[in-house]
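# Descriptive structure summary
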Amino acid sequence: MLELSARAKSISPSPTLSIDTKTKALKASGVDVVNLSVGEPDFPTPDRAALAGVAAITSQFTKYTDVSGILELRQAIADKLNAENGLSYAPSEIIVSSGAKHSLYNIFMVILNPGDEVLLPAPYWVSYPEQIRLAGGVVVAMPTNESTHFKITPAQLEAAITDKTKAILINSPSNPTGAVYTQNELQALAKVIEQHDLFVVSDEIYEQLIYGVEHYSIAKFSETLKERTFLVNGFSKTYAMTGWRVGYVAGPAPYIKAMSSFQSHTTANPASISQKAALGALGTFDARHREEFQARRDYVLDQLRTLNGVTCAKPDGAFYVFPNIKGVLGKRFKKGNGDTVALQSVDQFCEELLTEVHVSTVPGTGFGAPDNFRISYATSQAQLEKAMGRMKDFFGRIE
Ligand SMILES: Cc1ncc(COP(=O)(O)O)c(C=O)c1O
């Protein structure tokens, strides 16, 4: 067989999507699995978005569009950024892509040369390091843990900057930790960034899913900062539109133009129908979803804190909790068939959790956190209660 490229061989598949595939296979074989591994809201796509999508189809809005997305949508996004984030962008400073994942990949492809370093606070979303490496960049992880509420400090940032540093990635609210930087914390980081020639990739896709805190965009602190920031957002999380694949970037026009040229040769425009649906979705975020998520977060946290060997920081945003299970790693677990096994790693812990009590979660390994695992609470309260009951049973069998 002819060989794959070194690039292809270097990629590991998305661990979150592969767990999802395993979970679905188990479900298809008739097992009653509670799936806490997915990163998508369980709410429906808003009617206005769905109807706009249908209207796009029936009115034959089904052809190529502007590569960067239809002007109407880019203008509506600019209006949203102005009204909700206090940031002024022209439509020429916005590019719409096939999901925020695609937006991020476009950014790395247009800003990174081989060997350029990207500072990445860890734990991080699984796709960042893979995308950075695919674009030829070098990942420089900046470790954080529960004691700093999973946030980097200005001193840590300063110390990580070298003459090869090209960009820093900030993801607030964070997947997987749910950490949200305060305005003051961001301002302190902004001061360090301003003193160096760095791009900022600010992934704000969970901006609406925050509980009792405020979301702030780092691009807001100064014109200098705005001119080097790529603000990334999308429709997947706020509007429960993961399958429609619409994300966007706002940033300085020359970089956006480069991304548009890149996109013109790779995917071209995001789906015309999805763009119309996104236009219909804007402004329809239902604040009741936020309340619902907050109540679920509180429930899951309360339950987790009753489990021996588990500690869990309180996340302020997104729809994940990220418990630490260092206290059970190395201990023995009694399987349903009477055998006992040592829980050597978080990967094995999640595997046993899935096969023994049928609760699907994601090990922290892919997020750069080998002592943690991720629970998504974007599922019904009834499912969460079932899952937490099963986890109690599981923990009761750790010796
Ligand atoms: C932090 C973060 N950024 C970006 C994305 C990509 O979202 P999408 O490509 O669905 O817009 C996700 C999805 O899980 C995410 O968690």
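Now for a description of the structure that goes with this document. (Residues numbered from 1 in each chain as written. Predicted model: local features only at pLDDT ≥ 70, side-chain atom pairs only at ≥ 80, totals over all residues. Heavy atoms only, no water.)

## What to know about the packing of helix α4 (residues 71-85) against helix α11 (residues 272-281)
The following threshold applies: Interaxial angles span 0 to 180 degrees and are taken between N-to-C directions of axes, which are lines fitted to C-alpha atoms, for helices over the stretch in contact. Numbering of helices and strands runs from the N terminus, with a helix taken as a DSSP run of H or I at least four residues long and a strand as a DSSP run of E at least two residues long. The cut-offs work like this: below 35 degrees is roughly parallel, past 145 is roughly antiparallel, 65 to 115 is roughly perpendicular, and the gaps in between are oblique. Crossings are assigned a handedness: left-handed for a near helix turned anticlockwise from the far helix by less than a right angle, right-handed for a clockwise turn. Whether two residues are in contact is decided by their heavy atoms: any pair within 4.5 Å suffices. Charged residues are taken to be Asp, Glu, Lys and Arg, nonpolar residues to be Ala, Val, Leu, Ile, Met, Phe, Trp, Tyr, Cys and Pro, and polar residues to be all remaining types, Gly included.
In contact at an axis separation of 10 Å, α4 and α11 are set at 30 degrees when each is read in the N-to-C sense. Taken together, the axis directions place α4 and α11 in an arrangement best described as roughly parallel. Pair α4 / α11 crosses with left-handed handedness. Residues Glu-72, Leu-73 and Ala-76 of α4 pack against Gln-275, Lys-276, Ala-278 and Leu-279 of α11. Residue composition of the contact of α4 with α11, grouped by class: four nonpolar, one polar and two charged.

## Digging into the nonpolar core
Quick note on the threshold: Take the buried residues of types Ala, Val, Leu, Ile, Met, Phe, Trp, Tyr and Cys, join any two whose side-chain atoms come within 4.5 Å, and each joined set is a nonpolar core. Between buried and exposed lies partly exposed: a residue is buried under 20% and exposed over 50% of the maximum accessible area for its type, with that area taken using a 1.4 Å probe on protein chains only. These domain limits were set by an automatic method or by a database of domain assignments.
Residues Phe-235, Val-300, Leu-304, Phe-349, Phe-373, Met-391 and Phe-395 are the most contacted members of the largest nonpolar core, which totals 97 residues. Of the residues forming this core, the biggest block, six residues, is contributed by helix α14 (residues 381-396). The residues that make up this core include at least three from each of domain 1 (6-31 + 286-396) and domain 2 (47-281). The residues touching Phe-395, leaving out its near neighbours within four places in the chain, are Leu-307, Asn-308, Val-310, Ile-325, Val-328 and Phe-349. In terms of nonpolar packing, the next biggest core, distinct from the first, is built from 21 residues, Val-140, Leu-157, Ile-170 and Leu-225 among them.

## Notes on empty space enclosed by the protein
In this approach a probe as big as a water molecule rolls over the atoms, and the regions it shows empty are the leftover space. As a reminder, the rule being used: Put plainly, a pocket is an open set of points on a 1 Å grid over the protein atoms alone with protein on both sides within 12 Å along at least five of seven lines, a cavity is a set where a 1.4 Å probe fits but cannot get out, and a lining residue has an atom within 4 Å of a point. Grid points are joined across faces, edges and corners, and a volume is the space filled by probe spheres set on the points.
Under the counting rule described, the total for this entry stands at four cavities of 30 Å³ or more. Surrounding the largest cavity, 17 residues form its lining, Pro-121, Pro-123, Phe-150, Asn-171 and Ser-174 being those nearest its centre. Elements supplying a minimum of two residues to the lining of the largest cavity: β3 (117-122) and β5 (165-171). Around the second largest cavity, the lining residues are Lys-80, Glu-84, Glu-207, Gln-208, Asn-233, Gly-234, Phe-235, Thr-238, Tyr-239, Tyr-248 and Leu-282. Listing elements by their share of the lining of the second largest cavity, those giving two or more residues are α4 and β7 (229-234). Classifying every residue of the lining of the second largest cavity gives four nonpolar, four polar and three charged.

## Section: the site of the ligand
Operational definition: Nearness is judged by heavy atoms alone; a residue qualifies as near a molecule or strand once a single heavy atom is within 4 Å of it. By the criterion applied in these results, polar contacts are pairs of N or O atoms within 3.5 Å in which, for protein atoms, one can donate a hydrogen and the other can accept it, and in which residues neighboring in sequence qualify only through two side-chain atoms. Note on areas: Shrake-Rupley with a 1.4 Å probe; residue coverage comes only from the protein chains shown. Whether a molecule lies in a cavity or pocket depends on its atoms, and more than half of them have to be within 2 Å of the grid points.
In the vicinity of the ligand there are 13 residues, among which Ala-100, Asp-203, Ser-236, Lys-237 and Arg-245 approach most closely. Between an oxygen atom of the ligand and a side-chain N or O atom of Asn-175, the distance comes to 2.8 Å. Alone, the ligand offers 400 Å² of accessible surface; in the complex the protein occludes 93% of this. Judged by its atoms lying within 2 Å of the grid points, the ligand is housed in the largest pocket. For the shell around the ligand, the per-class residue count stands at five nonpolar, four polar and four charged.

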